[in-house]
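Examination of the molecular architecture
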Amino acid sequence: MGLQDLLSYIEQYGYFALFFSLWLGIVGMPLPDEMIVMSGGFLSSLGKMSVLKAFVLTYLGAVSGLSLGFILGKVFGHKILDKLVKKNKAKYLLHSKELIDRYGHFALVISYFIPIVRHILPYLVGMNNMSFKKYALYYYTAGLVWTSIYFTLGLFFGKHIESISMLATKYGIYFGAFVSIAGCFYYFYTRKLKSVSE
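My aim in this report is to walk through the structure given alongside it, one point at a time. (Residues numbered from 1 in each chain as written. Predicted model: local features only at pLDDT ≥ 70, side-chain atom pairs only at ≥ 80, totals over all residues. Heavy atoms only, no water.)

Along its length, the protein chain carries 10 helices and zero strands. From first element to last, N terminus to C terminus, the protein chain shows the α and β order α-α-α-α-α-α-α-α-α-α. Burial statistics for the protein chain: of 198 residues in total, 45% are counted as buried. Of the contacts made within the protein chain by residues no fewer than 6 positions apart, 76% connect residues no fewer than 24 positions apart. (Helix = DSSP H or I, 4+ residues; strand = E, 2+ residues; numbered from the N terminus. Buried < 20%, exposed > 50% of the residue type's maximum accessible area, 1.4 Å probe, protein only. Contact = heavy atoms within 4.5 Å.)

The tally for this structure, following the rule as stated, stands at one cavity of 30 Å³ or more. Size it by volume and the largest cavity reaches roughly 40 Å³. As for the largest cavity, its lining consists of Leu 22, Asp 33, Ala 62, Leu 66, Tyr 112, Arg 118, His 119 and Trp 146. When residues of the lining of the largest cavity are traced back to their parent elements, those giving at least two are α4 (51-76) and α8 (117-127). (1 Å grid on protein atoms, 1.4 Å probe; cavity = no way out; pocket = protein on both sides within 12 Å on 5 of 7 lines; lining within 4 Å. Points joined across faces, edges and corners; volume = space filled by probe spheres on them.)

Here we take up unusual backbone geometry. In this structure, Ile 116 takes a positive phi of about 70 degrees despite not being glycine. Tracing the chain through its elements places Ile 116 in the loop between α7 (107-111) and α8. Even without being a glycine, Asn 129 presents a positive backbone phi close to 65 degrees. Secondary-structure assignment places Asn 129 in the loop between α8 and α9 (132-157).

A complete count under the given rule lists 13 aromatic pairs for this structure. Between Phe 20 and Trp 23 the ring centres are 6.4 Å apart and the planes differ by 80 degrees, which places this aromatic pair in the edge-to-face class. A residue pair is termed a helical-turn pair when its members lie 3 or 4 positions apart in one helix, as Phe 20 and Trp 23 do in helix α2 (residues 15-23) at three residues. Residue classification places Phe 20 among the partly exposed residues on the basis of a relative accessible area of 38%. An aromatic cluster of at least three residues, connected via ring pairs, comprises Phe 70, Tyr 112, Phe 132, Tyr 135, Tyr 139, Tyr 140, Trp 146 and Tyr 150. (Phe/Tyr/Trp six-rings, centres within 6.5 Å; stacked < 30°, edge-to-face > 60°.)

Turning our attention to the nonpolar core. Core analysis: the biggest nonpolar cluster contains 50 residues, and Tyr 112, Val 125, Tyr 135, Trp 146 and Tyr 150 have the highest contact counts within it. Considering every element that reaches this core, the biggest residue donor is α9, with eight residues. Leave out the neighbours within four places in its chain, and Val 125 touches Phe 70, Ile 100, Leu 108, Met 130 and Tyr 135. (Core = buried A, V, L, I, M, F, W, Y, C linked by side-chain atoms within 4.5 Å.)

Take Lys 97: it is sitting in helix α6 (residues 90-103). For the pair Lys 97 and Ile 120, spaced 23 residues apart in sequence, the C-alpha to C-alpha distance is 9.5 Å.

Next comes the structure, spelled out in structure tokens:
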């Protein structure tokens, strides 16, 4: 499935297409999550969807799909690891374990900006018996920031979804941090200009 197919799919089936495209990311959709989120923003910018509804359904699709991973990790434990290894996800599994060892619970925040790893880490913390309350605090907050970044990029730079998605997939956390910092600078710069003009 390419970008045009995705856009057609979302246009045809609406908000729930956004939700299920991200929810199914847990089983490996053939498109980057970032591309799906930006598509929601892009179609909203064209007036084909409500910005608020599209954003909410996109966010819920992302966090609920990953929460399913957390629950599966809690219920099935090491059987999940065997499946991941068989699916050639061993290097991402190792990376996820290293993040947890190095950053502890904050690894949940970092991993959200690293493609594939964001899907594996919920399994691991679920297996390690982290409470759902603690998981939700970190992952749902990170998910809100992540969704806001890529949805906004889709709103304003929708014609460049494929290029942005490629950068996000390649540079992960660094790209997310860069966009966040640039966005903050822009926000405070425009506020300062507004206050000066008043």
